[in-house]
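Here is how the chains run, residue by residue.
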Amino acid sequence: METDLLRTKDDIVNVFEHFREDLDDNNDRRERLIKSSRDITNLSKKCIFLLHRIATEDSQDDFHSRGMRAVQQARPKLREIQRLFASMKPELVGDLYWRHRKSVSPGLQEYIEALSFSHYLEHGTLVTFDQVQKSIGDEDGPYFPLTISDYLLGLSDLTGELMRFAISAISRKGGRAKANEICAFVRRCKADFEGMCPRVRGLSRKQHVTNSSLQKIEDAAYTIAVRSSEYDLPDDILDDIVARCISGYDTNHRNYDRRPDRTRDRDGDEDDSDYY
Amino acid sequence: MDPQDLEFINRALDSEVELRDKIRDEVSELDKKTRSMVGVLNKVHSTPPEQISDLVDSVRPSLKDLHTTTGALYALVPPDQFWRWKDMWSNSMRSAVFSATLMEYLTSGTLMSMASVSAALGNEWKDRFALPAEDYLHGLITLVNELSRLAVNAVTLGSYEEPIRISKFVKDLFTGFSMLNLKNDALRRRYDSLKYDLKKIEEVVYDVSLRKLASAK
């Protein structure tokens, strides 16, 4: 491969030719992996949007069946991402994974976010490390080793999605119970992650985002608690009131201090004037 | 997170932290050793030519002594995980490469190959612990930086032929470097600075040959 003594210019040129091949090889591989990682990020984002769309769409079903429908439709998307991971396998064997980990991580974390969101909708729990690792592998074992740091950083993004889900679900039928459930879940996640922050690089920054997400859900839950204490009403009617009050939530809080005005009848069955 | 998974993750994180601490200890040891080696080699700028080989010989044991530290690192790094940890010691390793190649240049006037450097810094490399081409190349750039200083100081010490030898050696190296397709990283920036070293050496060569202090090659 190379001689031990490099006396002449030609010897040096020979050796550097070898270096060039080596460097080019690695740069090219890196570029390919970054491209795959970007594709995975893209697909994962689409998958998350899809889950949101279906899980909060207007329909008469309860949240569980809506969630299940979302999960069903997201499944092929997730599988497509898993196929992409499989195609990266040859470029990540042995120490190659560790060499190019930084190029793979962004897409992988986004995928874990999508996977954990879908998992939450289906089971109401946090996807485990093992489950994530198994999802990116086949009978022959994992395509590459999953790191705890990627797992946790991916999960940390889940809380943001759950916040969005809780806020948009709150105006739907049965949404307040769902929001409270999510609130408790995110609070548990936050507590679990807290102790790991000093040991996982980048987690404490994400923990800030988790905090503000949690606060948003708590604010919404607070509004609901206040409202429902004012009126001794059955749930489905409260749902309707909340739908109006929450409609301006994401932009600012001014709707909070205002009574929802009722401009039209919801339907003929109830007499709204009784409640005001 | 269910308690079992939580415990698994906490345990894994703990052992990661533990491993990192152990590696950090060895790396600071390696750092100490390479720094003192570079410190001694710095005397080359004030050492008359006839004493250079004694100076180099006095550093040889330190170079050999690196083996214990690189060996310890080698034992710590789990299989395949070389790249996960290598950033912790690259800087020390580059200084070590620089020291070894400088010693070889001072002894034989030739470029030490990557394989020889690897062997000089520790025997058991295999897939667990290796000298990446990038670190070798970084070490060579430091060598050129140092040689451009040596060209100046050699003249001060009355050694007029030395700049000409250095000039030839560095030019060959530069030809090698210019064959590489470097991406925009630290190596690229350092490569770009090589031309100033070349220029400095050229000026010294010009000065000594103009005054007929040395015979032109």
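Refer to the structure above for everything that follows.
Before going into details, it helps to say that this report is about the structure given with it. Quick caveat, the model's predicted, so the values are computed rather than measured.

The next thing to look at is unusual backbone geometry. Here Asp 80 of chain B, not a glycine, exhibits a phi torsion of approximately 70°, which is positive. In this fold, Asp 80 of chain B is placed in the loop between helix H2 (52-76) and helix H3 (82-85).

The subject of this paragraph is the packing of aromatic side chains. Tallied over the entire structure, the rule returns 17 aromatic pairs over all chains. A centroid spacing of 5.3 Å and a plane angle of 90° characterise the contact between Phe 82 of chain B and Trp 83 of chain B, whose relative ring orientation is edge-to-face. In this pair, the class of Phe 82 of chain B matches that of Trp 83 of chain B, namely buried. Measuring from ring centre to ring centre gives 5.7 Å for Phe 174 of chain B and Tyr 191 of chain B, while their planes differ by 15°; the resulting arrangement is stacked. Residue Phe 174 of chain B is located in helix H7 (residues 162-177), and its partner Tyr 191 of chain B is located in helix H8 (residues 186-210); the two are separated by 17 residues in the primary sequence. An aromatic cluster of three or more residues is present, and its members are Phe 16 and Phe 19 of chain A together with Tyr 136, Phe 174, Phe 177 and Tyr 191 of chain B. A cation over a ring is seen here: Arg 66 of chain A above Phe 63 of chain A, with NZ or CZ 4.5 Å from the ring centre.

If you look at the interface, chain B gives 40 residues, while chain A gives 36 residues. Approximately 3,500 Å² of surface area, both sides summed, lies buried where chain B meets chain A, with 66% of it carried by carbon and sulfur atoms. Summed over the three residues of chain B that lose the most area to chain A, namely Met 1, Trp 83 and Met 179 of chain B, the buried surface amounts to 20% of that side. Inspection of the region where chain B meets chain A yields two salt bridges. Close ionic contact of Asp 14 of chain B with Arg 199 of chain A constitutes a salt bridge, the shortest N to O distance being 2.4 Å. Counting across the chain B and chain A interface gives seven residue pairs in polar contact (both at pLDDT 80 or more).

Conventions used here
Residues numbered from 1 in each chain as written. Chains lettered and ligands numbered in written order. Predicted model: local features only at pLDDT ≥ 70, side-chain atom pairs only at ≥ 80, totals over all residues. Heavy atoms only, no water. Helix = DSSP H or I, 4+ residues; strand = E, 2+ residues; numbered from the N terminus. Phe/Tyr/Trp six-rings, centres within 6.5 Å; stacked < 30°, edge-to-face > 60°. Buried < 20%, exposed > 50% of the residue type's maximum accessible area, 1.4 Å probe, protein only. Lys NZ or Arg CZ within 6 Å of the ring centre and 35° of its normal. Contact = heavy atoms within 4.5 Å. Buried area = accessible area lost by both parts, 1.4 Å probe. Salt bridge = Lys/Arg side-chain N within 4 Å of Asp/Glu carboxyl O. Polar contact = N/O pair within 3.5 Å; in protein donor to acceptor, adjacent residues only side chain to side chain.

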